[in-house]
Each structure stands twice: as C-alpha cells, then as structure tokens.
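Summary of the model geometry
The residues making up each chain are set out below.
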Amino acid sequence: ERIIERIKQKQESNAAIPKKDYSSRKLIDISGKKIENSPGLKHWATIENLKIAAANYSEIDSITELEHKISIQTQAGKSAKQSVVELEHRIKDLSEIIKYAEQYKANRPYNIAYKKSKNLDAYFHKYESQIILYGGAKHMLEQAGINLKSLNVNKLKSEYEELTKQKSELTATYKKCEKEVYILTQKLDKISQYLEHSVTPSSPKTHKRNERKSL
C-alpha cells in the first residue's frame, strides 16, 4: 500500500509540472560572440531553437499551407472589417431616422389639433415648438424615403438592435482573424528564421592527388 501511495504521489507530482510552451518563444540568436565562443552554450541554443521551430511546425503540414492560411485569414479579416464599416454607416443613418420618427410621433397630435383649432394663431403661439418639431421631423423622414403612413418606430428599433448585434459579431470576427494572422505570421517568421540560420553553405573541398612518378 505504501509503494502504491508513493507511485501515485510521484505521478501527481509529474502531472503538476507544466510543460514548456516552445511555440510562443522567440528564437535565440546564435550568431553573437558570446554563444559563438562557447560550444556548450551554442549547443544548448541550437537545441532550444530546434524545439521552438518544431513546436511551430508541428501544427502545420507545410510552409505553403501556413502561407495559405495567413492569406485566407487576412482576407476574411478585411472582409469582416469592411462589413463593420458599412454597418456603422447604416446604424448611424437608422439612429437619425429613429430620432426623427419619435419626434414625429410625439408631436403629431399637436399638429392634428392645430389644423382643427378654431383659433390657429393662438394655438400655434401656445404650441409653436411642438408644431415646428413635427414639421422638421416630417421633412427629414420624407427626405430619407420613409413612408409616414406605415411608420413603425418599434420595427425601426428592432432593426437597429439587429444591426448592432451584427456589428458586434463581425467586430469579434475580424479581431479574431487579426489575432490568428499575427500568431500564424509569428510561426512562419520563426520557421523561416530557423531554416535560414540552420542551412549554412558548405565549404568547398579540394582533393589533391599524389602522383608518383615511376622511373
């Protein structure tokens, strides 16, 4: 029982040790004099760079595939961002329409009462601001192409909420794409740097032949 308990404790201890995340690390520059003059340090740095490159390469099949993923995510991010810009314009315009629609609806009774009033001047003098606001709102809504007969403020507000929701979702999408592009680009840079530094041109070898002259 004591042996079993010790084995379990050892397993738990090993499981508690977090594994190193090499994919997020930067490559070590092995071209410096400090590392060049120390074979042991250079060997360690070379192994570390290999682990970093392997961690970044393990998630992809090829550099071409990685470049393709970067291209797709970049395009998706641009498309989502452009859609956000377009939605912002629509939301702004709709916000103005809702403002004038509420203004039109709130002051319309005053305009109706004004037309029915027996003393137009007295009524207008008393409710001048409401009548002017109604006329201004009506003019702006007609310019925006809104059909006043079928005007529905609640429907406009529901549309506004839906557009705002779409904007929020698309904003999250393009930010996610930008983050993914950044991560993939970092991986590509690390792999490219590793391959660039690891592949060194071999020095030419000259082979001399000793020719013996036989007399």
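Here the structure is shown first, and the text comes after it.
This text gives an overview of the structure that appears in the document. (Residues numbered from 1 in each chain as written. Predicted model: local features only at pLDDT ≥ 70, side-chain atom pairs only at ≥ 80, totals over all residues. Heavy atoms only, no water.)

1. Remarks on the overall build of the protein chain
Across its full length, the protein chain holds seven helices and zero strands. N-terminal to C-terminal, the α/β element order of the protein chain is α-α-α-α-α-α-α. Put simply, the protein chain has 215 residues, and 22% of those count as buried. Taking all contacts inside the protein chain whose residues are at least 6 apart in sequence as the whole, residues at least 24 apart take part in 73%. By element, 52% of the accessible surface of the protein chain is carried by carbon and sulfur atoms, the whole surface being about 17,300 Å². (Helix = DSSP H or I, 4+ residues; strand = E, 2+ residues; numbered from the N terminus. Buried < 20%, exposed > 50% of the residue type's maximum accessible area, 1.4 Å probe, protein only. Contact = heavy atoms within 4.5 Å. Areas by Shrake-Rupley, 256 points an atom, 1.4 Å probe, with all protein chains shown as cover.)

2. Re the nonpolar core
Core analysis: the biggest nonpolar cluster contains 15 residues, and Leu-94, Ala-101, Tyr-104, Leu-141, Leu-156 and Leu-163 have the highest contact counts within it. Only α4 (63-116), α6 (128-143) and α7 (153-198) provide two or more residues apiece to this core. Looking at this core element by element, the count peaks at eight residues for α4. With residues up to four places along the chain from it excluded, the contact list for Ala-101 reads Leu-141, Leu-151, Val-153 and Leu-156. Ile-70, Leu-184, Leu-188 and Ile-191 belong to the second-largest nonpolar core, a separate cluster that totals six residues. (Core = buried A, V, L, I, M, F, W, Y, C linked by side-chain atoms within 4.5 Å.)

3. Some words on the pattern of salt bridges
Counted according to the given criterion, the structure contains four salt bridges. With a closest N to O distance of 3.7 Å, Lys-99 and Glu-96 form a salt bridge. Of this pair, Lys-99 and Glu-96 both sit in helix α4, three residues apart, roughly one helical turn. Judged by its relative accessible area of 41%, Lys-99 is partly exposed. (Salt bridge = Lys/Arg side-chain N within 4 Å of Asp/Glu carboxyl O.)

4. Quick word on the packing of aromatic side chains
For the structure shown, the criterion picks out five aromatic pairs. Seen from their ring centres, Tyr-123 and Tyr-127 are 4.7 Å apart, and the 45 degrees between their planes marks the pair as tilted. Using a relative accessible area of 17% as the deciding quantity, one classes Tyr-123 as buried. Grouped by ring-pair contacts, the aromatic residues Tyr-110, Tyr-114, Tyr-123, Phe-124 and Tyr-127 constitute a single cluster. Stacked on the ring of Tyr-100, the Lys or Arg Lys-99 has its end atom at 4.8 Å from the ring centre. (Phe/Tyr/Trp six-rings, centres within 6.5 Å; stacked < 30°, edge-to-face > 60°. Lys NZ or Arg CZ within 6 Å of the ring centre and 35° of its normal.)

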